[in-house]
Amino acid sequence: MNQPSKFDQILDLFLLRMKAPEYHTGEPYYTTGSIVAAALFRVFIIGIGGFIYFKSYSSSNSTWIIVLFAIWGIGVYPAWIQYQRFNESVEQITKGTLCGSCRHLNKTNQLCMILDEHITSEEPPCEGEAWEPLQ
Ligand code: SF4
């Protein structure tokens with residue numbers, strides 16, 4: 001298995017990928033919480049950086065226009081794409097697995113609520129023994 005480089009670790013920290021890296025296995029790479037948290041983190045850093053730049057170097061209004069574009073392009077847009085990927089992954093699980101028809105699946109984070117385990121494959125971690133139908 002490949003180990004993440006420093007650059008990979010920075011990309012992962014800011015969740016700036018459009019798909020999961022090859023070295024990532026086990027838990028889902030994207031969850032609703034991680035997407036929102038990473039987007040807020042990026043927007044916060046861009047906002048702080050823009051504010052510092054505005055106060056220190058340039059007080060022109062064009063600085064804020066650039067900051068707004070950066071917030072959209074680096075902060076929000078990747079989160080929107082990642083949310084689409086996450087929804088595709090949830091749809092695959094929902095339609096193609098036993099867990100998808102089980103009441104214990106929490107779709108917002110692909111988690112089996114009674115085993116506290118992420119559902120990442122077609123094999124249910126409980127092997128079907130704890131399955132209960134949706135109501
Ligand atoms: S109880 Fe079993 S079938 Fe239901 S979500 Fe958990 S692992 Fe899947």
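Small disclaimer: the values here were computed from a predicted structure and weren't measured. (Residues numbered from 1 in each chain as written. Predicted model: local features only at pLDDT ≥ 70, side-chain atom pairs only at ≥ 80, totals over all residues.)

What to know about the overall build of the protein
Step number 1: Broken down by element type, the protein carries three helices and three strands.
Step number 2: Its helices and strands taken in sequence order, the protein reads α-α-α-β-β-β from the N to the C terminus.
Step number 3: Whereas a compact globule of 135 residues would reach a radius of gyration of roughly 14 Å, the protein reaches 19 Å, over 25% beyond that.
Step number 4: Projecting the C-alpha coordinates of the protein onto the three principal axes gives extents of approximately 65 × 35 × 20 Å.
Step number 5: Counting over 135 residues, the protein shows a buried share of 13%.
Step number 6: If you take every contact in the protein between residues at least 6 apart in sequence, the share linking residues at least 24 apart comes to 54%. (Helix = DSSP H or I, 4+ residues; strand = E, 2+ residues; numbered from the N terminus. Rg over C-alpha atoms; globule rule 2.2 N^0.38 Å. Buried ≥ 20, exposed ≤ 12 C-beta atoms within 10 Å, placed from the backbone. Contact = placed C-beta atoms within 7 Å.)

Some details on helix α3 (residues 61-96)
Step number 1: Taking 1.5 Å as the rise per residue, α3 with 36 residues should run 52 Å; its terminal C-alpha atoms sit 51 Å apart, in good agreement.
Step number 2: Its axis deflected by about 35 degrees at Val-76, α3 carries its strongest bend there, up to four residues before the proline Pro-78.
Step number 3: Those residues of α3 that sit buried are Gly-75, Ala-79, Gln-82, Phe-86, Val-90 and Ile-93.
Step number 4: Looking at the buried residues of α3, the elements they touch are α2 (32-56). (Expected span 1.5 Å × (residues − 1). Bend = angle between axes of the 7 residues up to and from the residue.)

So, the domain arrangement of the protein
Step number 1: Parsing the protein into structural domains produces domain 1 (10-16 + 27-96) and domain 2 (97-135).
Step number 2: A straight line from the C-alpha centre of domain 1 to that of domain 2 covers 30 Å.
Step number 3: It is α3 that provides the largest number of residues to the side of domain 1 that touches domain 2, a total of five residues. (Domains from an automatic or database assignment.)

Overview of the sheet that holds strand β2 (residues 111-112)
Step number 1: Strand order in the open sheet formed by three strands is β1-β2-β3, with antiparallel pairing between adjacent strands. The sheet is open, and its two borders are formed by β1 (105-106) and β3 (117-118), each paired with just one other strand.
Step number 2: Taken together, the two bridges between β1 and β2 define a ladder with antiparallel strand orientation. If you follow Asn-106 over to β2, its bridge partner there is Leu-111. (Pairing = 2+ DSSP bridges.)

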